[in-house]
Amino acid sequence: MTFQPTIADEANAPRRTVLPILEARSLTKQYRMPGEIVEAVRGVSLSVMPGEFVALMGPSGSGKSTLLQLLGGLDQPSSGEVLLEGEPIGRLSDSDATRLRRERTGFVFQSFNLVPLMNVVENVGLPFTIAGQDPRSHELAARIREAIALVDLTGKERHRPDQLSAGEQQRVAVARAIVTRPALLFADEPTGNLDFRTGLDILGALWRTCMERGQTIVLVTHDAKAAAYADRVFVVGDGQIQDEIVLGRRSDHAAAPLIARLALLGL
Amino acid sequence: MRGLVRYAWRALAARRARTLLTIVGISLGVGVLVAALGVDAGLDASIDRTVASMVGRADLRVTAFEETGLSAGTLEQLGAVPGVALTAPAIERKTFLASQAGRPVETAPVTILGIDASAEPRVRDLALARGVALAPSDDASALVTETLAASDGLELGDDLQILGAGAPLTVKITGVLRGDGPELGSGGRTVVVPIRTAQLLGVADGDTAPTQVGGVTRVDVVLAAGAPVDQVAASIGQALTLQPYVLSRPQDVASSLRASTLDIRATMALLAAITLFAAAILILNTMAMTVVERIRELGLLRAAGAQRSQIVRVVVTQALVLGVAGSGLGIVVGTLLAYLAAAWLRASGQLAIEGPVIGPWAVFAGIASGVGITLVAAVEPARRAAAVSPVAVLRVRSDTSRLVRAHTGWLVVVVAVIGTTAVLLLPGGATDLAIPARAVGVYVLLLVAVLLMPALLAPLARLAGLPFAVLLRLEERLARAAIRRDPGRTTLTVGALVIGLAMVVALASVAGSARVSATAWLADVVPGDEILTAIAPAPVGPGGIDTQLSSIDGVALATPIASFDLAYASTRLEAVAIRGADFLADGRLDFTAGDRTAALNALDGTGAIVLPASRAARLGVGVGDTMAVATSQGLVNLKVVGLVARSFPGRTGDAVLVGWGDATAKLGVVGADAFAVRYAPGRRADAQPQVEALARQLALTASPVSAVSGAVGDALDRLFGLLDLLALAAVVIAALGIVNTLSMDTLERVREIGMLRAAGMSRIQVWRSVLVEAGILGAMGGLVGSVTGVLVGVLLSGGGGAAGPMSVVPWPTVALAIVLGIALAMLAAAQPARLAGRVPIPMAVRGE
Ligand SMILES: Nc1ncnc2c1ncn2[C@@H]1O[C@H](COP(=O)(O)OP(=O)(O)OP(=O)(O)O)[C@@H](O)[C@H]1O
Ligand SMILES: [Mg+2]
């Protein structure tokens, strides 16, 4: 076991010939407050390759959530642009943005991810229902079952959110976010409300989707242990990308290399 | 403390729309109450004025019992009673004015009031608008009312030709009486003439004019100074031996007038109480929401050392502001409503009301009940706010509303307070316990309907959501979830709607059954297609009007009808004289006891009487019994030969039936009031013009049976239209509650909406889900409101009558109530839905 910052070996490195699935170019976001302007994001450029698991990590207030919302098209940047599969999403109309969210992205938030009166199957099938499809149809039901199995919730299909633990609720949220097979899955502190062990279940679920389905994931966290699941970590500070740490794909998720690298950076 | 009060203000100001809507809601509740009180006081004032102008300074009034009027002999006996200082006789007659060139032809009858021009001024003052009073010596002068002058284009100095039994009499107008004049119930169409002139109108051509005043309708009696009324009344009872009569006192007149307005007053008071009920629900809901919304802040205040009592004070201060502002506005709204209602009542011609009287009492009652109910409604939310532990509030990350959900149980207390208020405010004349009892019944019914809501919520929401689910499955699902989040809030929201719509439905069913009972007798009883009404007793028999009518080609039957009173066991019994044979043929009159043919034949003989079953039961007589009725010729025995299900309507119930022979020979009937005409099959078209021409010539008013029932129905419709307007106030209050609730739901669901939007839900879908939520709430209100309304209707109209309660379910109104509920709720949802659609996703998904 080495404490040297690991540089990914060639075999695991994303191949350069493939186009990035997500690209940010000089993104900025300013909030106008009475008397001042808060610059939450200040000139961020990054790209994410298909199948990659990246983490945005940084202290509270550093602009991670704002950046994630810009990348996911939930919010519009003050300047700069976001390309999803090569297409700019910054200036989409509301209905186009809605379709984008419905078909090509999935989100998991820290909490309030589920509709209280719907059971697990219904919550996972929500994106189909929203799209006006029947989640009970043969094909979609199979996809829902598969997503539920992926997050290890088989057997709890008929439970309602208030009959699930907080960790299980978050796993339902993950299943819902991936059920449409989105190009990109965004997760903002999905383990923020959970204890360490339960948090690992969520991260494990995310990891499996990445491994088994080649799901591209952008995870926001302030926790190095969570960020250690990623292939690559962007260190966010003061609205900017301060460093990029390539961890490579590892199945042990050891956080030590990342922590050591962060220590070197004085973080 | 001052700081916290400022905080209370700020909390209200932060939700300006909700504060405003609640104030408007309270003001509507208070407004209906003030309007009801104003109209009530207005009716009282008008009745007092009417009584004053009718009775004047008279201490007693003797009214003729028989149509022939009081004779000269009776007048003489009356004048001789010790203690009687003055008698002022009067004759009242209905007739027509002959049409004259240059004046519009007016077909409405006029009331002729003949007075003793020398005695009358000592009893009452006839207020003149212009011209001079009647001179005692001048038989050819007349006074007309301003109303009549205006409608018929009459002026001072004009000649009037009055139709009578003989040749028309001509009089000259010497004065115009202010307003509607002294006669109530004439619609203001009154001509005042000297009593001898009125008497002459009753004399047919060829008869000799009587030399003494007789045929008097009534005599006003002024007592000598110091003579005790009771004693004189007793003496009059001993002295008047010649004819039956009725002795009454001014209070009797006033109380009988009051009794005639009792129903509408009681209904208005009930509506006011129910509108307040709806307003109270709105307030309770608003206060609960305010507390839920601020719960974390209130918890912080507690953590920072605020006392429970201080928290209570914050909430109560908010309630006080709402209550005072709402009541103040309510006085204004109520005043406007009262004028509108008074004008409406006047126009409907049902009640004499000159205008509403908004006295200090109405203002006080309005403010006191508005503020009082608001405070009572705030007690529970305030208590719950104070009871929440600061730790719990600050620890719970998610659904804080769980801690302080609206408690519907408190409604019972609020309603009890309003109920007590309502009982105190009921019109003073309500000595009859049935009215308050029924009001309490209605109240309890509404309360039960509201309190049952939480239990019915889930199935009801599912049922109400069905139509929406067909097209908008997801939206319906989400809407239903939102509805079930806070059952208390939903209950209160739908509850107000239930109450409003229930009253609309109940009024429609009461109106329906009133219309049915007001007109059903026509079809059941009247043996013809057309009714000709006479304004004075019309001659019957050979050469009489019935014979003339029958001789018209195409008329199958013309039968005379006369209504009069019988004196039986010292009560007044309304009676109708008919010709039995004429009823025999056409199957009308449904006999419940006795043989129909035998009974109708017996009526055409002597000494027979037929009773309506209801009246027989009340009098305790049956077929075969003998009834002794008092007449001017002594007691006459009538044998009960049959009972009928219903007969001609009287003022106090169905009338008893006697034969023409007895009526004219023994019971003082001199002619027919009406003739029922039936046309031969297929001959109506050609015979009707001739009948109507004859009717005009004989001063009869012709009205087809359908028109009579139509007119009865129209009058009822106008009256109920007003009540509907008041009931709608409760529906509007409910709509305000829906706006509040949906805004609050949206606020609480901001995170859920943000999450759904992130998952790909479009703005339109969010917008639709709020609209569907409103639609479901509206449909629930409509469904429960309709069922409750039908029950309230049954309660108010005292059972559904013979046909059973289902016959009074006003299906069109039920449909209307459901549509109205849904439409109004969705309209109310427009703004909250727009807001929900606009929720910015980043803000919604951001952590605390
Ligand atoms: N709507 C807003 N208006 C004004 N300032 C905002 C707004 N949203 C975020 N900010 C500011 O932008 C900066 C970045 O916020 P952001 O939520 O992205 O931080 P974060 O890294 O996600 O923090 P945390 O780890 O605490 O979630 C902060 O300084 C915050 O105060
Ligand atoms: Mg964040």
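From a predicted model like this one, the values you see are computed outputs, not experimental measurements.

Definitions and limits used
Residues numbered from 1 in each chain as written. Chains lettered and ligands numbered in written order. Predicted model: local features only at pLDDT ≥ 70, side-chain atom pairs only at ≥ 80, totals over all residues. Heavy atoms only, no water. Helix = DSSP H or I, 4+ residues; strand = E, 2+ residues; numbered from the N terminus. Contact = heavy atoms within 4.5 Å. Areas by Shrake-Rupley, 256 points an atom, 1.4 Å probe, with all protein chains shown as cover. Expected span 1.5 Å × (residues − 1). Bend = angle between axes of the 7 residues up to and from the residue. Pairing = 2+ DSSP bridges. Axes fitted to C-alpha atoms, helices over the stretch in contact; angles between N-to-C directions. Buried area = accessible area lost by both parts, 1.4 Å probe. Salt bridge = Lys/Arg side-chain N within 4 Å of Asp/Glu carboxyl O. Polar contact = N/O pair within 3.5 Å; in protein donor to acceptor, adjacent residues only side chain to side chain. Nonpolar A, V, L, I, M, F, W, Y, C, P; charged D, E, K, R; others polar. Parallel < 35°, antiparallel > 145°, perpendicular 65-115°, else oblique. Left-handed = near helix turned anticlockwise from the far one by under 90°. Buried < 20%, exposed > 50% of the residue type's maximum accessible area, 1.4 Å probe, protein only. Phe/Tyr/Trp six-rings, centres within 6.5 Å; stacked < 30°, edge-to-face > 60°. Near = heavy atom within 4 Å. Core = buried A, V, L, I, M, F, W, Y, C linked by side-chain atoms within 4.5 Å. Domains from an automatic or database assignment. Patch = residues over 30% accessible without salt bridge, like charges linked within 9 Å, V, L, I, M, F, W, Y side chains within 5 Å.

A. Highlighting the overall build of chain B. When helices and strands are counted, chain B shows 26 helices and 20 strands. When contacts within chain B are restricted to residue pairs at least 6 apart in sequence, those whose partners lie at least 24 apart make up 83%. By element, 61% of the accessible surface of chain B is carried by carbon and sulfur atoms, the whole surface being about 33,500 Å².

B. Spatial organisation of helix 10 (residues 360-387) of chain B. Here helix 10 of chain B is 28 residues long and its end C-alpha atoms lie 40 Å apart, about the 40 Å a rise of 1.5 Å per residue gives. Along helix 10 of chain B, the sharpest change in direction is near 30° and occurs at B:Val379; proline B:Pro381 comes one to four residues later.

C. Looking closely at the sheet that holds strand 1 (residues 22-33) of chain A. Residue and element names in this part refer to chain A. Ordered by their spatial adjacency, 4 strands build an open sheet running 2-1-4-5, and the pairing between neighbours is antiparallel. The open sheet is flanked by strand 2 (36-48) and strand 5 (87-88), the only strands paired with a single partner. Sheet analysis places strand 4 (residues 79-84) next to strand 5, joined by 2 bridges and oriented antiparallel. Paired with leucine 83 across the strands is proline 88, a residue of strand 5. Across the sheet, helix 1 (residues 64-71) is in contact with strand 1, strand 2 and strand 4; its angle to strand 1 comes to roughly 125°.

D. Spatial organisation of the side chain of A:Thr180. Note that A:Thr180 resides in the loop between helix 6 (166-178) and strand 7 (184-188). Residues contacting A:Thr180, with those up to four places away along its chain left out, are A:Arg102, A:Glu103, A:Pro127, A:Phe128 and A:Arg143.

E. Fine view of the interface of chain B and chain A. Contacts between chain B and chain A engage 25 residues on the former and 25 residues on the latter. Counting each side, the surface lost to burial between chain B and chain A is near 2,300 Å², with a carbon and sulfur contribution of 62%. The interface formed by chain B and chain A contains 3 salt bridges. Here A:Asp94 ties to B:Arg757 by a salt bridge, and the two come within 3.4 Å at their closest N and O atoms. If you look at where chain B meets chain A, you find 5 residue pairs in polar contact (both at pLDDT 80 or more). Elements supplying a minimum of two residues to the side of chain B that touches chain A: helix 14 (473-485), helix 23 (750-758), helix 24 (763-796) and helix 26 (841-845) of chain B. Counting residues per element, the side of chain B that touches chain A draws most heavily on helix 14 of chain B, which supplies 7 residues. Within the side of chain B that touches chain A, the residues separate by chemical class into 11 nonpolar, 4 polar and 10 charged.

F. Main features of the packing of helix 2 (residues 16-55) of chain B against helix 10 of chain B. Residues and elements named next belong to chain B. For the pair helix 2 and helix 10, the least separation of the axes is 9 Å and the interaxial angle reads 150°. When the axis of helix 2 is compared with that of helix 10, the two are roughly antiparallel. At the point where helix 2 passes helix 10, the crossing takes the right-handed sense. Two secondary-structure elements touch here, helix 2 through Ile26, Val30, Leu33, Val34 and Leu37 and helix 10 through Trp361, Ala362, Ala365, Gly366, Ser369, Gly370 and Thr374. Among the residues forming the contact of helix 2 with helix 10, the class breakdown is 8 nonpolar, 4 polar and no charged.

G. Fine view of unusual backbone geometry. All names here are of chain A. Its identity as a non-glycine residue notwithstanding, glutamate 189 has a phi of 45°, on the positive side. With respect to the secondary-structure elements, glutamate 189 resides in the loop between strand 7 and helix 7 (196-213). Given a relative accessible area of 13%, glutamate 189 falls into the buried group. For histidine 253, which is not glycine, the phi torsion reads 55° and is therefore positive. Residue placement: histidine 253 occurs in the loop between strand 10 (240-246) and helix 9 (256-265).

H. Geometry of the packing of aromatic side chains. Tallied over the full model, the rule gives 5 aromatic pairs over all chains. Aromatic side chains A:Phe107 and A:Phe186 sit 5.4 Å apart centroid to centroid with 20° between the ring planes, which places their arrangement in the stacked category. Within this pair, whereas A:Phe107 is found in strand 6 (residues 105-108), its partner A:Phe186 is found in strand 7, the two being separated by 79 residues in sequence. For the pair A:Phe107 and A:Phe186, a shared accessibility class is recorded, and that class is buried. Taken together, a centroid distance of 5.4 Å and an interplanar angle of 25° make the contact between B:Phe277 and B:Tyr443 stacked. Pair noted here: B:Phe277 is in helix 8 (residues 250-303) and B:Tyr443 is in helix 13 (residues 434-471), with a separation of 166 residues, a long-range link. In this structure B:Phe277 comes out as buried when scored by relative accessible area, which is 0%.

I. Examining the pattern of salt bridges more closely. All names here are of chain B. If you walk through the whole model with that rule in mind, you get 45 salt bridges over all chains. Between aspartate 220 and arginine 124 there is a salt bridge, and its shortest N-O distance comes to 2.5 Å. Of the two residues, aspartate 220 is situated in strand 9 (residues 218-223) and arginine 124 in the loop between helix 4 (120-123) and strand 4 (128-131); the sequence distance between them amounts to 96 residues. Exposure remark for aspartate 220: the relative accessible area of 1% places this residue in the buried category. A single network of salt bridges, built from pairs that share partners, joins Arg61, Glu92, Glu120, Arg124, Arg218 and Asp220.

J. Looking closely at the site of ligand 1. Not every one of the 14 residues close to ligand 1 is listed here, only the nearest: A:Ser60, A:Gly61, A:Lys64, A:Ser65 and A:Thr66. Taken together, the residues near ligand 1 originate from chains A and B. Backbone polar atom of A:Ser62 to an oxygen atom of ligand 1: 3.2 Å apart, as the coordinates give it. Taking A:Thr66, its side chain carries an N or O atom lying 2.5 Å from an oxygen atom of ligand 1. Coverage of ligand 1 by the protein chains reaches 68% of its 630 Å² of free accessible surface. Only strand 1, strand 2 and helix 1 of chain A provide two or more residues apiece to the shell around ligand 1. Among the elements that take part in the shell around ligand 1, helix 1 of chain A stands out by supplying 3 residues, more than any other.

K. Molecular detail of helix 6 of chain A. Relative to the 18 Å expected for 13 residues at 1.5 Å per residue, helix 6 of chain A spans 19 Å between its end C-alpha atoms, a close match to the ideal helical length. Within helix 6 of chain A, 11 of the 13 residues are buried, which leaves it mostly tucked inside the rest of the structure.

L. A look at the nonpolar core. Counting residues in hydrophobic clusters, the biggest one holds 145 residues, and the most contacted among them are B:Phe277, B:Leu446, B:Ile776 and B:Met780. The greatest single-element share of this core, amounting to 20 residues, is contributed by helix 8 of chain B. Three or more residues apiece are contributed to this core by two domains, here domain 1 (1-57 + 252-449) and domain 3 (452-519 + 711-848) of chain B. In terms of nonpolar packing, the next biggest core, distinct from the first, is built from 45 residues, A:Ala55, A:Val120, A:Ile217 and A:Leu258 among them.

M. Quick look at the packing of helix 6 of chain A against helix 7 of chain A. Residues and elements named next belong to chain A. Between helix 6 and helix 7, the shortest axis-to-axis distance is 9 Å and the interhelical angle comes to 20°. If you check the angle between helix 6 and helix 7, you find them roughly parallel. Relative to helix 7, the crossing made by helix 6 is right-handed. Packed against helix 6, whose contacting residues are Gly167, Gln170, Arg171, Val174 and Ile178, the element helix 7 presents Thr198, Asp201, Ile202, Leu206, Thr209 and Arg213 at the interface. Tallied by class, residues from the contact of helix 6 with helix 7 come to 4 nonpolar, 4 polar and 3 charged.

N. Examining a nonpolar patch on the surface more closely. Residue and element names in this part refer to chain B. The grouping of Leu20, Val24, Leu329, Val332 and Leu336 at the surface amounts to a nonpolar patch, some 450 Å² of accessible area in total. For the nonpolar patch, the elements supplying multiple residues, two or more each, are helix 2 and helix 9 (308-348). By the element assignment, leucine 20 lies in helix 2.

O. Representation of the pairing of strand 3 (residues 53-57) of chain A within the structure. Residues and elements named next belong to chain A. Of all 5 residues that make up strand 3, 5 are buried, and the element is covered over most of its length. Residues Phe53, Ala55 and Met57 point to one face of strand 3 and Val54 and Leu56 to the other, with burial holding for every one of them. Here strand 3 pairs with strand 8 (residues 216-221) via 5 bridges, running parallel. Bridging from a neighbouring strand, valine 54 pairs with valine 218 of strand 8.

P. Local environment of the sheet that holds strand 9 (residues 232-237) of chain A. Residue and element names in this part refer to chain A. Strand order in the open sheet made by the 6 strands is 6-7-8-3-9-10, with mixed pairing throughout. What marks the edges here is a single partner per strand, and that holds for strand 6 and strand 10. Taking the axes of each pair of neighbouring strands and ignoring which way they run, one obtains an average angle of 20° across the sheet. As defined by bridge partners, strand 6 adjoins strand 7 across 4 bridges and the pair is classed as parallel. When the bridges of strand 7 are listed, phenylalanine 107 appears paired with phenylalanine 186. Across the face of the sheet, helix 6 comes into contact with strand 6 and strand 7 while running at roughly 170° to strand 6. Taken strand by strand, helix 9 contacts strand 3, strand 9 and strand 10, and its axis lies near 140° from that of strand 10.

Just distances and angles here, no functional claims.
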